[in-house]
Structure formats: C-alpha cells, structure tokens
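# Results of the structural survey
In case you want the letters, here they are:
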Amino acid sequence: MEADVPEFLVGLAMRKGATEKDKAVGDLIMIAFYYLLRVGEYTKKGKGAQDWDEIETQTQPFRLKDIAFFSRHSETDRLVRVPTTASDEVIMTATNATIKLANQKNGHKEVCINHEHNLDEINCGVRAIERRYCHIRKHTNNANTTLFTYFEDGKQSYITDQDIRDAVKMAARALDYEGTRGTPYNLINTHSLRIGGACALALAGYEDTQICKMGRWRSQAFREYIRENLSNYAEGMSKAMKKCHYFVNIDSGTYTDVSTICELDDNGNILLQPAAAA
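Residues numbered from 1 in each chain as written. Predicted model: local features only at pLDDT ≥ 70, side-chain atom pairs only at ≥ 80, totals over all residues. Heavy atoms only, no water.

## Some remarks on the overall build of the chain
- Of the regular secondary structure elements, the chain holds 11 helices and eight strands.
- Within the chain, the proportion of its 278 residues that are buried is 46%.
- Of the contacts formed within the chain by residues at least 6 apart in sequence, a portion of 65% connects residues at least 24 apart.
- Surface accessibility of the chain: about 14500 Å² in total, with carbon and sulfur atoms responsible for 50%. (Helix = DSSP H or I, 4+ residues; strand = E, 2+ residues; numbered from the N terminus. Buried < 20%, exposed > 50% of the residue type's maximum accessible area, 1.4 Å probe, protein only. Contact = heavy atoms within 4.5 Å. Areas by Shrake-Rupley, 256 points an atom, 1.4 Å probe, with all protein chains shown as cover.)

## Considering the packing of helix H2 (residues 20–35) against helix H4 (residues 125–137)
- Their axes nearest at 8 Å, the elements H2 and H4 cross at an angle of 140°. Compared by their axis directions, H2 and H4 come out oblique. Between H2 and H4 the crossing geometry is left-handed. Contact with H2, carried on its side by Glu20, Lys23, Ala24, Asp27, Met30, Ile31, Tyr34 and Tyr35, involves Gly125, Val126, Ala128, Ile129, Arg131, Arg132 and His135 of H4 and no other residues of that element.
- Classifying every residue of the contact of H2 with H4 by side-chain character gives eight nonpolar, two polar and five charged. (Axes fitted to C-alpha atoms, helices over the stretch in contact; angles between N-to-C directions. Parallel < 35°, antiparallel > 145°, perpendicular 65-115°, else oblique. Left-handed = near helix turned anticlockwise from the far one by under 90°. Nonpolar A, V, L, I, M, F, W, Y, C, P; charged D, E, K, R; others polar.)

## Digging into the environment of Asn118
- By secondary structure assignment, the location of Asn118 is in the loop between strand E4 (109–116) and H4.
- What makes Asn118 buried here is its relative accessible area of 6%.
- Dropping the residues within four chain positions of it, Asn118 is found in contact with Tyr34, Asn123, Cys124, Ser238, Lys239 and Lys242.
- Only 3.0 Å separates the side chain of Asn118 from the backbone nitrogen of Asp120, close enough to count as a polar contact. (Polar contact = N/O pair within 3.5 Å; in protein donor to acceptor, adjacent residues only side chain to side chain.)

## Some details on the nonpolar core
- The biggest cluster of nonpolar side chains holds 62 residues, and the ones touching the most others in it are Ile31, Tyr35, Leu37, Phe62, Phe69, Ile164 and Leu193.
- In terms of residues, this core owes the most to one element, H2, which gives 10 residues.
- Among all residues touching Phe62, those that are not within four sequence positions of it are Ile31, Leu37, Glu41, Tyr42, Ile67, Ile99, Lys100, Leu101, Thr146 and Leu147. (Core = buried A, V, L, I, M, F, W, Y, C linked by side-chain atoms within 4.5 Å.)

## Describing the pairing of strand E5 (residues 149–152)
- Note: E5 against strand E6 (residues 155–158), four bridges, orientation antiparallel. Each residue of the ladder has a partner; that of Tyr150, found in E6, is Ser157.
- A loop of two residues connects E5 with E6, the two strands running antiparallel in sequence, and Asp153 in this loop sits at a positive phi of about 55°. (Pairing = 2+ DSSP bridges.)

## Topic: the environment of Asp176
- Structurally, Asp176 can be placed in the loop between helix H5 (161–174) and helix H6 (177–181).
- Accessibility expressed as a relative area gives 35% for Asp176, which makes it partly exposed.
- Look past the residues within four positions of Asp176 in its chain and what remains in contact with it is Arg181 and Tyr185.

## Notes on unusual backbone geometry
- You will see that Leu119, though not glycine, has its phi angle at about 80°, which is positive.
- If you trace the backbone, Leu119 turns up in the loop between E4 and H4.
- Unusually for a residue other than glycine, Asp176 sits at a positive phi of about 55°.

## Some points on the packing of aromatic side chains
- Counting across every chain of the model gives three aromatic pairs.
- Summarising the aromatic geometry, the rings of Phe148 and Tyr158 are spaced 5.8 Å apart at their centres and angled 75° between planes, so their arrangement reads as edge-to-face. Placement of the pair is Phe148 in the loop between H4 and E5 and Tyr158 in strand E6, with a sequence separation of 10 residues.
- In this structure Tyr158 comes out as partly exposed when scored by relative accessible area, which is 25%.
- Against the face of Tyr158 rests Lys44, its NZ or CZ located 5.4 Å from the ring centre.
- The cationic tip of Arg181 hangs over the ring face of Tyr177; the distance from NZ or CZ to the ring centre is 4.3 Å. (Phe/Tyr/Trp six-rings, centres within 6.5 Å; stacked < 30°, edge-to-face > 60°. Lys NZ or Arg CZ within 6 Å of the ring centre and 35° of its normal.)

## Focus on the pattern of salt bridges
- Using the criterion set out here, one finds 17 salt bridges in the structure.
- Here Glu2 and Arg181 are joined by a salt bridge, their closest N and O atoms 3.0 Å apart. Here Arg181 lies in helix H6 and Glu2 lies in the segment before helix H1 (4–13), a separation of 179 residues in the sequence.
- Given a relative accessible area of 3%, Glu2 falls into the buried group.
- Salt bridges sharing common partners tie together Glu2, Asp4 and Arg181. (Salt bridge = Lys/Arg side-chain N within 4 Å of Asp/Glu carboxyl O.)

Quick look at the structure:
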C-alpha cells in the first residue's frame, strides 16, 4: 500500500459534506502510514475504560500529551519546541511532529518517533497530526485524550480498528489495487499501512537500520535504540515516502496481466520489451 491510499481518504474527508468521522479516519490513516504505526497505537480496540495508564501489558495508543510540535528557528535553523498553548495557526505551520508511545507490543516504552513536513499542506503525516490535535483541543482540555477521539454534534466518539480496515479496503478498491498493483483485496488490512510505509522507505533508498528504527522493529541488529538525534535521523523521510512508485505485487501474478509488456525471442523465451525494462 502506498501514499495514494491515505491521500485518497483525506481527499474524501476534505469534500463538502464530509463528517468529523471521515476527517478523523483520513487523518489517522495518513499518520499511520507515515509513522509506521501498529493499529493498536492509533485506534480504540476492545472494551474498557479510557485510563490507559492502568494497562501496562499492551500497546497503548498515543494521546494529546504524547505529541510535541517543533519549528525551525529562522536564524539558527535548529528545531524549537512549539508551546502546547500556541494558536491553531501556529500549530498548523510547525515543521516537525513527534509522538511518544508510552508502551508498545514489543515491550519498548517511551519511544519517540519524529517526522518533518513534506511540503504538502494537505497530504502530510505532520499536518494530519496537527489537524487531529487542533480538533480535539477545541472540545476538551484533557491531555489524556487519545488521538482516535473525535467530536461531532456535541458527542464524543472514537475511531476503531474496524473503521480503519473498512476505509483502506474501500480506498484500495477505488484505486484498483488488485488490477494495477497485483494486490488481492483480501490481503489488504490495517497492517498494510505499516508495511506500506516501510516499503516506501525501502524503495526510496533508506537502509534497513533507518527503517527498523522508524518502525520500531526488534531484531538481532537492533536490540538497542540507535542513539542518533531523532530529528536528524528522520530528515527527508516524509518527503521521500510521499512518492508513489506504483509497484506490482509479483507474488500475485495471476492478478496482473503482463502479456502486453513481454515479447519472445527466436527460441521462444520471454523477453521484457525495452520500454518496460526501462
């Protein structure tokens, strides 16, 4: 899954008549793609109270108090923290957004992920976080409010994992992922956003160490956190992830007709046409 899925859904949310739920779903999917989030980190799942501090053994979704915004100082070009009390206008022009995850599935706690603005004022993970942040704080000053919360007609509601699942499947169908990417719709799920974000980084040329850090994956080589400054580490990632490579899932060849880009040599062997090979 590529950036066109969250961009499609955010585009729908920007249309006249879109609901606050539509806006929340689009923004959260955009955030999940760019920040390589697990679905439990940005959606409501299961039953129970909203006091996530009492739940120590499972992934905890991030809240308003887990978000920090930064802007570059005009003279030093260094990142400067934007006050939480800043106006919506100031928040919406922040160049970086960092989220802190109190607990994760892999057991790592207090991990921060940073991204920078990719120069698209709408289709950007940073701008999506800013939109959610400004929406929520208009209705509550509770810093423990989760980012999957939205308010409509005076009612507080939550985005669930099923909401995200339905949205990404709908967007994939609208964008013809099965026909143009060779990706069967039954394989598209909430995890497709996390995988898609990682693939976008890989296709953009980022190394395994960088991707593992951004996605918080644990392996033999990454049992300890990389100690580099996170804002420097993430520089350029958001812009690179925005590019769609229109890749095809080669494991699902039966879903993609490649006959038009092939030709046979004198011995009957299949050759790629020059245009396709390029």
